[in-house]
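# Reading the structure
Each chain, letter by letter, is given below.
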Amino acid sequence: EDQVTQSPEALRLQEGESSSLNCSYTVSGLRGLFWYRQDPGKGPEFLFTLYSAGEEKEKERLKATLTKKESFLHITAPKPEDSATYLCAVQAGNTDKLIFGTGTRLQVFP
Amino acid sequence: GAVVSQHPSRVICKSGTSVKIECRSLDFQATTMFWYRQFPKQSLMLMATSNEGSKATYEQGVEKDKFLINHASLTLSTLTVTSAHPEDSSFYICSANTGGDSTDTQYFGPGTRLTVL
């Protein structure tokens, strides 16, 4: 069965304290791995898509990497406005469906 | 980036009434749209996949007669919650697949908060 697991469940950081979020996956035939950011009471905002092991993508303070078993979202020198829930999702097989992890709730304190 | 809108953003209704939620892709044509529900502090659960001009495909455990989905055009899909009950209260979110290239990225709407009294 296709599965996505995110850790930690919650993360509290001081402003400027870099860290990484993990997304482990078990799927048959990965087509793509997606990272989204979700603020309370809003829909997910697209961040990155990764397709193959070794691929990396960056956007401002965020960098996403992918291996054959997991993906990391690295946050460098975070700011309070980076506080949100970060969701990882995979697309596998012949379907367009996304399978979501449970998310990591990130809080960045000034 | 691709923009998806939803209307209404929140709705409160009495038990037994029906509620319609609209999902629109504003700057692209979406051959496929998806409907999710999200309970507090939980992740998104896919309810159904809809393709323009054809019947929606529902996930296991989702009642198709209760959650009616119509995808009448390439920019509009609707979800109707029929005879709503308090247990249907949730955050409903739609997404649209831009398609046309290799990304298959889903862009999400802002969500609709449904409260059934």
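Heads up: the structure comes first, above all this text.
Residues numbered from 1 in each chain as written. Chains lettered and ligands numbered in written order. Predicted model: local features only at pLDDT ≥ 70, side-chain atom pairs only at ≥ 80, totals over all residues. Heavy atoms only, no water.

## Points about the overall build of chain A
- Along chain A, the regular secondary structure elements total zero helices and eleven strands.
- Against the globule reference of 13 Å for 110 residues, chain A gives a C-alpha radius of gyration of 13 Å, in line with a compact fold.
- Projected onto its principal axes, the C-alpha positions of chain A cover 45 × 30 × 20 Å.
- Of the contacts made within chain A by residues no fewer than 6 positions apart, 55% connect residues no fewer than 24 positions apart.
- Roughly 5500 Å² of accessible area belongs to chain A as shown, and the carbon and sulfur atoms make up 46% of that amount.
- Averaging the coordinates of the 13 positive side-chain charges in chain A and doing the same for the 15 negative ones gives two points 2 Å apart. (Helix = DSSP H or I, 4+ residues; strand = E, 2+ residues; numbered from the N terminus. Rg over C-alpha atoms; globule rule 2.2 N^0.38 Å. Contact = heavy atoms within 4.5 Å. Areas by Shrake-Rupley, 256 points an atom, 1.4 Å probe, with all protein chains shown as cover. Lys, Arg positive; Asp, Glu negative; His and termini not counted. Charge placed at Lys NZ, Arg CZ, Asp CG, Glu CD.)

## Points about the pattern of salt bridges
Residue and element names in this part refer to chain A.
- One pass over the full model with this rule turns up eight salt bridges over all chains.
- Between Lys63 and Glu56 there is a salt bridge, and its shortest N-O distance comes to 3.3 Å.
- A relative accessible area of 27% means that Lys63 is categorised as partly exposed. (Salt bridge = Lys/Arg side-chain N within 4 Å of Asp/Glu carboxyl O. Buried < 20%, exposed > 50% of the residue type's maximum accessible area, 1.4 Å probe, protein only.)

## Quick word on the state of the cysteines
- If you walk through the whole model with that rule in mind, you get two disulfides over all chains.
- Here Cys23 of chain A engages in a disulfide with Cys88 of chain A; their sulfurs sit 1.9 Å apart. An S-S torsion of about -60° defines the bridge between Cys23 of chain A and Cys88 of chain A as left-handed. In this pair, Cys23 of chain A sits in strand β3 (residues 19-26) while Cys88 of chain A sits in strand β9 (residues 84-92), placing the two residues 65 residues apart along the sequence.
- Residue class for Cys23 of chain A comes out buried when judged on its relative accessible area of 0%.
- The side chain of Cys23 of chain B participates in a disulfide bridge whose partner is Cys94 of chain B; the two sulfur atoms lie 2.0 Å from each other. Measuring the twist about the S-S bond at about 80°, one finds the Cys23 of chain B-Cys94 of chain B disulfide to be right-handed. Taken together, the positions of Cys23 of chain B in strand β3 (residues 19-25) and Cys94 of chain B in strand β9 (residues 90-97) put the pair 71 residues apart, joining distant regions of the chain.
- Relative accessible area serves as the criterion here: at 0%, Cys23 of chain B is assigned to the buried category.
- Taking relative accessible area as the criterion, Cys94 of chain B reaches 0% and is therefore assigned buried.
- Looking at the unpaired Cys13 of chain B, the closest cysteine sulfur is the one in Cys94 of chain B, lying at 18 Å. (Disulfide = S-S within 2.5 Å.)

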